[in-house]
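Residue strings, one per chain:
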Amino acid sequence: MKELLWVAFMWFHLTATIIWLGGIIFILLVAIPAAKQMLRGEAGGLMGEVTRRFTPMANLSILFLILSGIFLMAINGNISGEVLKGGHGTAMLLKLLLFMLMAGVHFFRGKVLAPRIAKTQSDGEKSRLQKLSLNLVWLNLGSGLVVLLLSAFVATR
Ligand code: HEM
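Residues numbered from 1 in each chain as written. Predicted model: local features only at pLDDT ≥ 70, side-chain atom pairs only at ≥ 80, totals over all residues. Heavy atoms only, no water.

Moving on to the coordination of the iron atom of the ligand. Donor atoms from the polypeptide that bind the iron atom of the ligand are His 13 (NE2) and Lys 95 (NZ), placed at 2.0 Å. The coordination sphere of the iron atom of the ligand comprises six donor atoms, whose angles at the metal cover 81 to 180°; the geometry is octahedral. One end of the pair, His 13, is in helix α1 (residues 2-39); the other, Lys 95, is in helix α3 (residues 86-119), with 82 residues separating them in the sequence. The class for His 13 is buried, based on a relative accessible area of 12%. (Donors = N, O, S within 2.8 Å, 3.2 Å for Na, K, Ca; no water. Tetrahedral: all angles 85-135°; square planar, octahedral: opposite > 155°, others 65-115°. Helix = DSSP H or I, 4+ residues; strand = E, 2+ residues; numbered from the N terminus. Buried < 20%, exposed > 50% of the residue type's maximum accessible area, 1.4 Å probe, protein only.)

Following this line, the structure appears as structure tokens:
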């Protein structure tokens, strides 16, 4: 039974990982360059629609990563402080801190930056905020890749 639960929650965990990180990679390296190439100044409209459709999927992935992560810890009997001991423990702690940064950036962009960009009249201010928002997505991509590396290291425990 324990093994079945582990497989089920690891499936949720890995599926949520590929949806969130895969979506970020697709948007940054495929959708934005293609939209700029084909639509020039109109690319913003298409990317707004892409973001509107991807955001609920990212929100759900974040929720599933937290829930499945907690269950994986519990199933592994690592819900106590033990999980944070030693080299693997430090890696797990770093992973959780980076995850919190990523989730914080995601909700800051969606709940604070996006409304501010929509409300701003001045073109200069709008493009400054859009550049900040894009750089934060790159930060989340980099953090996500480090989280994957840390997860692989934790798995060698
Ligand atoms: C961006 C966020 C995250 C990513 C990309 C991620 C990725 C992964 C991956 C790929 C594995 C499988 C490693 C393996 O066993 O081969 C894993 C395992 C695990 N993750 Fe995450 N994870 C994330 C967030 C979290 C969070 C928030 C938690 C805790 C609340 C968590 C807890 C765990 C646990 C307990 C395992 C099993 C570790 C073990 O092998 O004992 N993860 N994660």
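To continue, consider unusual backbone geometry. One non-glycine residue with positive phi stands out, namely Arg 40, at about 45°. Tracing the backbone shows Arg 40 in the loop between α1 and α2 (43-75). Since its relative accessible area comes to 63%, Arg 40 is described here as exposed.

Every one of the 25 residues lining the ligand counts as a neighbour, but His 13, Asn 76, Met 92, Lys 95 and Arg 157 are closest to it. His 13 is positioned with one of its side-chain polar atoms (N or O) 2.8 Å from a nitrogen atom of the ligand. In terms of residue count, the dominant contributor to the shell around the ligand is α1 (seven residues). Across the shell around the ligand, the residue classes break down as 18 nonpolar, five polar and two charged. (Near = heavy atom within 4 Å. Polar contact = N/O pair within 3.5 Å; in protein donor to acceptor, adjacent residues only side chain to side chain. Nonpolar A, V, L, I, M, F, W, Y, C, P; charged D, E, K, R; others polar.)

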